[in-house]
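Analysis of the macromolecular model
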Amino acid sequence: MRALGVRTERRLSRGASVAILALSLTIAVGRTTGAASSAQDDARAPSHQALLEALADPAREGAALRPAFEAFVAAMDRFDGPGAVELARAMHTSALRIREGAPGTDVLWSVFCLEGALRRSAPGPGAVRAAHLKEAREVIAKHLDEPSCTASDRAALLQRSAILEAGFGERAAERAAL
């Protein structure tokens, strides 16, 4: 299994892969300390636009996923909703395209990134909030409906659906997902 360029044993469940991704996220977030090292990391990081362009280029997208993920995490940490959503959409599109050429490639991480960015960046009541909820529901539903969706993927997606619904205050839908 290959997720963000990290090899994991085939015998690990997708849930374990998601746990490994969460651990690497924790390590990546905790990696830099102090303003000086953070500023140095920012200076070396590719620009937001450069990452979006690389993710849109099939020849460069594979190499761009890790730096894009790191930029996504940084955008989430800064509460830069629009930037995080834009990166998450591009990463998800890229992950799906990569999976087309390499069936079995894990894309669940990108579903979670997109759902999380949409949920966390949704504004107060209104059309934009409703659009965020609709898009997040659709991305989860799409993956639940895929023939390749394993039992562990399904459990993880249903749990994430409950988190999504709770985040939008949709208590009945949250309970239905559980």
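Residues numbered from 1 in each chain as written. Predicted model: local features only at pLDDT ≥ 70, side-chain atom pairs only at ≥ 80, totals over all residues. Heavy atoms only, no water.

Points about the environment of Ala131
As a reminder, the rule being used: Secondary structure follows DSSP: runs of H or I at least 4 residues long count as helices, runs of E at least 2 residues long count as strands, and numbering of each begins at the N terminus.
Here Ala131 lies in helix α7 (residues 127-144). In the structure, Ala131 is positioned 13 residues away from Leu118 in sequence and 9.1 Å away in space, judged by C-alpha atoms.

Structural notes on the nonpolar core
Cut-off, in case you're wondering: Side-chain atoms within 4.5 Å are what join buried Ala, Val, Leu, Ile, Met, Phe, Trp, Tyr and Cys residues into a set we call a nonpolar core. Burial classification: accessible surface area is computed with a 1.4 Å probe over protein chains only, and a residue below 20% of its type maximum counts as buried, one above 50% as exposed, and the rest as partly exposed. Throughout, a residue-residue contact means that at least one pair of heavy atoms, one from each residue, lies within 4.5 Å.
Membership of the largest hydrophobic core comes to 40 residues, with the highest contact counts inside it found for Phe72, Met91 and Leu157. Of all the secondary-structure elements, those providing two or more residues to this core are α3 (48-56), α4 (61-77), α5 (81-101), α6 (108-121), α7 and α8 (151-167). Aside from chain neighbours lying at most four places away, what touches Met91 is Leu55, Leu65, Ala68, Phe69, Phe72, Trp109, Ser110 and Cys113.

A word on the confidence of the model for the protein chain
What counts, and what does not: The pLDDT score gives, residue by residue, the confidence of the prediction method on a 0 to 100 scale.
Of the residues in the protein chain, 75% reach a pLDDT of 70 or more, and the chain-wide mean stands at 83. The low-confidence segment residues 1-12, where pLDDT is below 50, has 23 contacts with residues more than four positions distant or belonging to other chains.

Structural notes on the environment of Glu174
Summarising the element assignment, Glu174 is placed in helix α9 (residues 171-177). Not counting residues up to four positions away in its chain, the partners in contact with Glu174 are Ala162, Glu165 and Ala166.

Description of unusual backbone geometry
Non-glycine residue Phe79 carries a positive phi angle of around 60°. Among the structural elements, Phe79 can be located in the loop between α4 and α5. A residue is classified by how much of its surface remains accessible, and Phe79, at 69% relative accessible area, is exposed.

Focus on the pattern of salt bridges
For side chains of opposite charge, pairing can occur when their charged atoms come near one another. Applied cut-off: The salt bridge definition used is simple: a Lys or Arg side-chain nitrogen within 4 Å of an Asp or Glu carboxyl oxygen.
By the definition in use, this model includes 10 salt bridges. Here Arg78 makes a salt bridge to Asp80, at a shortest N to O gap of 3.5 Å. We note a salt bridge from Glu138 to Lys134, for which the minimum N-O separation is 3.4 Å. On the criterion of helical spacing, the pair formed by Glu138 and Lys134 is a turn pair, its members being 4 residues apart in helix α7. Within the structure, one salt-bridge network assembled from shared partners comprises Glu115, Arg119 and Arg160.

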